[in-house]
There are 2 protein chains.
Amino acid sequence: MSRGKTTLMDLSNEARAFIRAHRVGHLATADARATPHVIPVCYALLGDRLYFVADDKPKRGGPSALKRLANIAENPRGALVIDDYDEDWTRLAYLLLHLDASVVDSEAEYARAVAALRDRYPRYRSMPLTLSTHPMVRMIPRRWHLWRAGNPQEANK
Amino acid sequence: MSRGKTTLMDLSNEARAFIRAHRVGHLATADARATPHVIPVCYALLGDRLYFVADDKPKRGGPSALKRLANIAENPRGALVIDDYDEDWTRLAYLLLHLDASVVDSEAEYARAVAALRDRYPRYRSMPLTLSTHPMVRMIPRRWHLWRAGNPQEANK
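From a predicted model like this one, the values you see are computed outputs, not experimental measurements.

Examining the overall build of chain A
Looking only at helices and strands, chain A features 3 helices and 8 strands. The order of α-helices and β-strands along chain A, N terminus first, is α-β-β-β-β-α-β-β-α-β-β. Buried positions account for 38% of the 157 residues belonging to chain A. A sequence separation of at least 24 residues applies to 66% of the contacts in chain A between residues at least 6 apart.

Concerning the interface of chain B and chain A
With 34 residues of chain B at the interface, the matching set in chain A holds 34 residues. Of all the secondary-structure elements, those providing two or more residues to the side of chain B that touches chain A are β1 (25–30), β2 (36–41), β5 (77–84), β6 (93–103) and β7 (136–148) of chain B. Residue classes in the side of chain B that touches chain A are distributed as 19 nonpolar, 11 polar and 4 charged.

Looking at unusual backbone geometry
Trans peptide bonds make up most of the peptide bonds, and negative phi angles are found at most residues other than glycine. Residues and elements named next belong to chain A. Of note, Ala34 is a non-glycine position whose phi angle comes to about 70°, a positive value. Considering the arrangement of structural elements, one finds Ala34 in the loop between β1 (25–30) and β2 (36–41). Judged by the 19 C-beta atoms lying within 10 Å of it, Ala34 falls in the partly exposed class.

Here we look at the relation of the copies chain B and chain A
After a rotation of 180° and a shift along the axis of 0.0 Å, chain B superposes on chain A with an RMSD of 0.0 Å. The superposition operator between the copies reduces to a two-fold rotation axis. In terms of proximity to the rotation axis, the leading residue of chain B is B:Ala34, whose C-alpha is 2.0 Å off the axis.

Points about the pairing of β2(B)
Regular strands show a simple pattern: their side chains alternate between the two faces of the sheet. All names here are of chain B. Of all the 6 residues making up β2, 6 are buried; the element is thus mostly covered by neighbouring parts of the structure. Side-chain alternation along β2 places Pro36, Val38 and Pro40 on one buried face and His37, Ile39 and Val41 on a second face that is also buried. Bridge analysis of β1 against β2 gives 6 bridges, and the strand direction is antiparallel. Counterpart to Thr29 in the pairing with β2 is His37. In textbook terms, the turn of a hairpin is the stretch between consecutive antiparallel strands, and for β1 and β2 this stretch comprises 5 residues, one of which, Ala34, has a positive phi near 70°.

Some words on the nonpolar core
Of all hydrophobic cores here, the largest spans 80 residues; its most connected members are A:Tyr51, A:Leu95, B:Tyr51 and B:Leu95. For A:Leu95, the residues in contact, after removing those within four places along its chain, are A:Ala15, A:Phe18, A:Ile19, A:Ile82, A:Trp144 and A:Leu146.

Description of the environment of B:Asp88
As for its placement among the helices and strands, B:Asp88 is situated in the loop between β5 and β6. Remark: the alpha-carbon pair of B:Asp88 and B:His145, spanning 57 residues in sequence, is separated by 21 Å.

Re the pairing of strand β4 (residues 49–53) of chain A
Residue and element names in this part refer to chain A. Burial analysis of β4 places 5 of its 5 residues in the buried class, the great majority of the element. Along β4, one buried face is formed by Arg49, Tyr51 and Val53 and the opposite face, lined by Leu50 and Phe52, is buried too. Alignment of strand β3 (residues 44–46) against β4, held across 3 bridges, turns out to be antiparallel. Across the sheet, the residue bridging to Leu45 is Leu50, located in β4. What sits between β3 and β4 in their antiparallel hairpin is a turn of 2 residues, with Gly47 showing a positive phi close to 60°. As defined by bridge partners, β4 adjoins strand β7 (residues 136–148) across 4 bridges and the pair is classed as antiparallel. Note that in β7 the partner of Tyr51 across the bridge is Arg138.

Thresholds applied
- Residues numbered from 1 in each chain as written.
- Chains lettered and ligands numbered in written order.
- Predicted model: local features only at pLDDT ≥ 70, side-chain atom pairs only at ≥ 80, totals over all residues.
- Helix = DSSP H or I, 4+ residues; strand = E, 2+ residues; numbered from the N terminus.
- Buried ≥ 20, exposed ≤ 12 C-beta atoms within 10 Å, placed from the backbone.
- Contact = placed C-beta atoms within 7 Å.
- Nonpolar A, V, L, I, M, F, W, Y, C, P; charged D, E, K, R; others polar.
- Least-squares fit on C-alpha atoms with pLDDT ≥ 70 in both.
- Pairing = 2+ DSSP bridges.
- Core = buried A, V, L, I, M, F, W, Y, C linked by C-beta atoms within 7 Å.

Structure, rendered in structure tokens:
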């Protein structure tokens, strides 16, 4: 079975289940001068990729939304962490994904990502989403690390 | 009143209240080559600064914890986002802080930060924390942006 760097074959079933079981992640990007940025994102997992809508309500934060896209254009590298906070720290867990991000320019891929996002987030069902008005970002994981408090670690490297 | 760039005079009372009312933030850092990293952090606000313990349980994620400190040593710039996820997107809000991060080397400052963290997080009360074993990171906000769905934005620039 292929374990190419661009496929989610590198993700375990547990990591995939962790992604699907959560509702929000936090994406870090950086511009070419290495100034970091971070934003919450609602994502969908589709095949070997994660997707989020980069702009417009309800995630638009004025300059923040634009900054995300500018960073991705300058520097495709990103890091996404998916986690829950719990006051019982023995229950803490997170999945950290190192990834490459890029804007979708195929109408067919855009439509598939929209469908996956609408399946997960009802609010998107009533929102008009088009490639030209609502940029879609594709995230391709390169490395990942799943951590659970007190448990053995699992990672692809 | 001074609005110097190193003081939290730049934070509004609402932004400070937002920080204090939340339990976890997500910190993005980047190494000198602009590779981003992101991790959840439990923080305390003390005067004009935020602090978190950079290493050891329960947040240690193996290479992740070390990566955070290595990034900060290479590149002090960071971004911290504090937010709640809610399935009702009209209730979404976040505070994004652009900051400089550095490791505390003063015993007195370390002790004040530990006390503030133990006040917020009972789990820290039973955990031995010393400057040499548990590095403490100081975050000094430079710019910030508070966003609430549907509400006017508030920021210091």
